[in-house]
Amino acid sequence: MYSYNATSVLVLGVKPSDNGNQTAYTIITNSGGFRTRSFDVPIDAWATRWFGTVAGREYFADPGGNVNDPNEDFNLPAQTVFGFNGSSSRYLSVRMRMPMNGITINNSFYVVQSQGIGSTQSNVGIINPATQQLEYVFPGYRNMLHDIAYLPQSQTIFLSERGNAKLLAVNLATRTIVSETDTDASPRTLATAGNCIAVSAESTKAIHVFDMANPANPKDYGKVTVDLPETEFMRLSKIVVDQ
């Protein structure tokens with residue numbers, strides 16, 4: 001589930017179809033009553049993450065890649081990002097390995113990516129869908145990045161780094177790390193609320209909250225642990241903040 005706009009959420013999932021499983025999404029709006037709009041993603045595309053809306057198209061990750069890729073060189077990364085206008089999908093020419101979580105900032109996509117299944121090497125790709133150009137935030141790899149969030153008031157992106165149990169704060173303009181904050185082991189999803197970043201930890205089932213009004217000097221607001229038996233609550237992997 002993703003925040004779509006001030007009154008709507010986008011729910012992405014899988015449904016059965018005549019040709020096998022198919023990805024689909026629903027936009028649920030609450031404005032004087034609930035209203036839903038549902039869309040089936042074409043069967044030749046597979047949407048695992050939603051990045052945002054640009055120029056009337058919804059953009060998604062497809063880690064498996066474009067099945068109709070015109071380039072048959074298997075040594076190249078696949079075309080793994082596509083746009084959908086409600087009836088047809090179109091893959092960007094950009095080639096990126098294993099796109100995961102991503103967000104839209106200034107009509108570009110900031111996408112956490114891995115070098116492959118089981119790889120600890122990861123980075124953040126910046127994709128401009130208008131020019132179809134790709135560049136990276138870091139000159140080298142980081143250790144198992146997982147999620148990304150953005151606070152526009154400080155022009156800062158935040159990344160959970162599972163391999164080092166860190167919350168990274170990165171200046172958007174300079175692409176430099178301004179702080180690295182310790183978290184519980186295996187931090188996963190991020191959520192924003194005002195100047196705060198909430199971090200979920202898979203290892204401890206805790207939600208850790210940090211005040212990031214000054215990203216270079218984070219303040220620890222403490223954490224809340226979801227205390228349920230292991231058989232009822234296996235892990236904490238997704239959080240959403242209702243403001």
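Scope of this entry: the structure provided in the associated data block. For clarity, every value in this text was computed on a predicted model and none was experimentally measured.

It is worth spelling out the overall build of the chain at this point. Secondary structure assignment for the chain yields zero helices and 21 strands. Its C-alpha atoms give the chain a radius of gyration of 18 Å, within 12% of the compact-globule value 18 Å for 243 residues. Across the 243 residues that make up the chain, the buried fraction comes to 45%. Within the chain, residue pairs in contact and separated by at least 24 positions form 38% of the contacts whose partners lie at least 6 positions apart. Approximately 12,300 Å² of the chain is accessible, and the part contributed by carbon and sulfur atoms is 48%. Where the 18 positive side-chain charges of the chain centre and where its 21 negative ones centre are 3 Å apart.

Okay, the sheet that holds strand β20 (residues 206-211) next. The strand order β18-β19-β20-β21 describes an open sheet built from four strands, whose pairing is antiparallel. Each having just a single partner strand, β18 (187-193) and β21 (219-225) make up the two edges of the open sheet. Looking at each pair of strands side by side, their axes are set apart by 20° on average, direction ignored. One ladder, built from six bridges, connects strand β19 (residues 196-201) with β20; its direction is antiparallel. The residue of β20 that forms the bridge with Ile 197 is Phe 210.

Next up on the list: the sheet that holds strand β16 (residues 166-171). The strand order across the open sheet formed by four strands is β14-β15-β16-β17, and the pairing between neighbours is antiparallel. Edge positions in the sheet fall to β14 (145-151) and β17 (177-182), since each has one partner strand and no second. Taking each pair of neighbouring strands and ignoring which way they run, the sheet shows an average axis angle of 20°. The sheet contact formed by strand β15 (residues 156-161) and β16 spans six bridges and is antiparallel. Bridge pairing in β16 places Thr 156 opposite Asn 171.

The tally for this structure, following the rule as stated, stands at nine aromatic pairs. Ring centres 5.1 Å apart and planes at 25° place the aromatic pair Tyr 25 and Phe 39 in the stacked group. Residue Tyr 25 is found in strand β3 (residues 20-30), and its partner Phe 39 is found in strand β4 (residues 34-40); the two are separated by 14 residues along the sequence. In this structure Phe 39 comes out as partly exposed when scored by relative accessible area, which is 21%.

We now examine the pairing of β4. Across seven bridges, the pairing between β3 and β4 is antiparallel. In the strand pairing of β4, Thr 29 is matched with Arg 35. Hairpin connection between β3 and β4: a loop of three residues separates the two successive antiparallel strands, and Gly 32 in this loop has a positive phi of roughly 70°.

A word on unusual backbone geometry. With a phi angle near 50°, Asn 106 is a residue other than glycine that sits in the positive phi range. Structurally, the position occupied by Asn 106 is in the loop between β9 (99-105) and β10 (108-114). A residue is classified by how much of its surface remains accessible, and Asn 106, at 66% relative accessible area, is exposed. In this structure, Ser 186 is a non-glycine residue whose phi angle is positive, near 60°. Here Ser 186 is to be found in the loop between β17 and β18. According to the relative accessible area criterion, Ser 186 is buried, its value standing at 15%.

It is worth spelling out the side chain of Asn 123 at this point. Of note, Asn 123 is situated in strand β11 (residues 121-128). Asn 123 sits in the buried class, given a relative accessible area of 4%. Of the polar contacts made by the side chain of Asn 123, one reaches the backbone oxygen of Phe 138; its length is 3.0 Å. If we skip the residues at most four places from it in the chain, Asn 123 touches Val 111, Val 112, Gln 113, Tyr 136, Val 137, Phe 138, Gly 140 and Leu 145.

Conventions used here
Residues numbered from 1 in each chain as written. Predicted model: local features only at pLDDT ≥ 70, side-chain atom pairs only at ≥ 80, totals over all residues. Heavy atoms only, no water. Helix = DSSP H or I, 4+ residues; strand = E, 2+ residues; numbered from the N terminus. Rg over C-alpha atoms; globule rule 2.2 N^0.38 Å. Buried < 20%, exposed > 50% of the residue type's maximum accessible area, 1.4 Å probe, protein only. Contact = heavy atoms within 4.5 Å. Areas by Shrake-Rupley, 256 points an atom, 1.4 Å probe, with all protein chains shown as cover. Lys, Arg positive; Asp, Glu negative; His and termini not counted. Charge placed at Lys NZ, Arg CZ, Asp CG, Glu CD. Pairing = 2+ DSSP bridges. Axes fitted to C-alpha atoms, helices over the stretch in contact; angles between N-to-C directions. Phe/Tyr/Trp six-rings, centres within 6.5 Å; stacked < 30°, edge-to-face > 60°. Polar contact = N/O pair within 3.5 Å; in protein donor to acceptor, adjacent residues only side chain to side chain.

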